[in-house]
Amino acid sequence: MPHIALPAPIPGIRGLMKTKPASGRRLGELAEQLLRGESPLSVGERELIAAYVSARNGTRFCTGAHGAAAAHALGGDFALVEAVRQDLSTAPVDERLRALLMLAGQVQIGGLAVTPADIERARAAGADDECIHDTVLIAAAFAMYNRYVDGLGAITPEDPALYDEMGEALVARGYLD
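Quick caveat, the model's predicted, so the values are computed rather than measured.

Student: I tried to follow the packing of helix α4 (residues 60-73) against helix α5 (residues 78-86) on my own but got confused; where do I start?
Tutor: Each pair of packed helices can be described by the angle between their axes along with the distance between the axes. Running from amino to carboxyl end, α4 crosses α5 at an angle of 130°, the nearest separation of the two axes being 8 Å. One element, α4, and the other, α5, form an angle in the oblique class. Every pair of crossing elements has a handedness; the one defined by α4 and α5 is right-handed. Note on element contacts: α5 touches α4 through Phe-78, Val-81 and Arg-85, opposite Thr-63, Gly-67, Ala-68, Ala-70, Ala-71 and His-72.

Laid out in structure tokens, this is it:
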């Protein structure tokens, strides 16, 4: 149950963003830039970072929506997304992505939790400065998005099929509609 009155019963962050359209539009633009803009990371990798941070934060709505978006962007690989969520150390991802997800996990704890060793691990696995930058920014932004969604008690559906639909729509249309 939302903690504030919503103009429409729209699930998740989109419902919250409708309460203040000007800031909502900017939050959508930020998500579009981070998850769809130019980056050496694929859309699927960036959505997976968003889903991973959201899962670590315990934000069901964002975990479901971005997990489904990651799966759709990665060719329908829902098992991969679940494997990352369950145990990153054994998930079937390449070492570069594993190191970047580990870095995102450190950012989720707090910015000061990121150490030179975390950055070096990512570099040693093949991540360049832009990959590291984008990973940290996505993880930091999703800490904010997660707190926004949970802090205002966004409508959070239970039905996994709804998240599948949302994820497919996010991959197809992005964050600006």
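Student: Please explain the side chain of Thr-63 as it appears in this structure.
Tutor: Tracing the chain through its elements places Thr-63 in helix α4. A distance of 3.0 Å separates a polar side-chain atom of Thr-63 from the backbone nitrogen of Ala-55. If sequence neighbours within four positions are ignored, Thr-63 has contacts with Ala-51, Ser-54, Ala-55, Ala-68 and Arg-85.

Student: Is there a simple way to explain the UniProt feature "domain: Carboxymuconolactone decarboxylase-like" (unreviewed entry) in the chain in this structure?
Tutor: On the UniProt side, "domain: Carboxymuconolactone decarboxylase-like" (unreviewed entry) is annotated at positions that read residues 21-100 here. Summarising residues 21-100: 75% helix, 0% strand, and an end-to-end C-alpha distance of 33 Å.

Student: Explain the side chain of Arg-36 to me, please; I cannot follow it from the model alone.
Tutor: Of note, Arg-36 is situated in helix α2 (residues 21-36). Separated by 3.0 Å, the side chains of Arg-36 and Glu-47 make a polar contact. With residues near it in sequence (within four places) discarded, Arg-36 still touches Ala-31, Val-43, Arg-46, Glu-47, Leu-170, Val-171, Gly-174 and Tyr-175.

Student: Where do I start with the pattern of salt bridges in this structure?
Tutor: Charged atoms that come close allow side chains of opposite charge to pair. Counted according to the given criterion, the structure contains seven salt bridges. Arg-96 is the salt-bridge partner of Glu-45, the closest N and O atoms lying 3.1 Å from each other. With Glu-45 in helix α3 (residues 43-57) and Arg-96 in helix α6 (residues 95-109), the pair connects residues that are 51 residues apart, well separated along the chain. Among the residues examined, Arg-96 registers a relative accessible area of 16% and is labelled buried.

Calculation criteria
- Residues numbered from 1 in each chain as written.
- Predicted model: local features only at pLDDT ≥ 70, side-chain atom pairs only at ≥ 80, totals over all residues.
- Heavy atoms only, no water.
- Axes fitted to C-alpha atoms, helices over the stretch in contact; angles between N-to-C directions.
- Helix = DSSP H or I, 4+ residues; strand = E, 2+ residues; numbered from the N terminus.
- Parallel < 35°, antiparallel > 145°, perpendicular 65-115°, else oblique.
- Left-handed = near helix turned anticlockwise from the far one by under 90°.
- Contact = heavy atoms within 4.5 Å.
- Polar contact = N/O pair within 3.5 Å; in protein donor to acceptor, adjacent residues only side chain to side chain.
- UniProt positions renumbered as here; feature names shortened; annotations may be inferred.
- Salt bridge = Lys/Arg side-chain N within 4 Å of Asp/Glu carboxyl O.
- Buried < 20%, exposed > 50% of the residue type's maximum accessible area, 1.4 Å probe, protein only.

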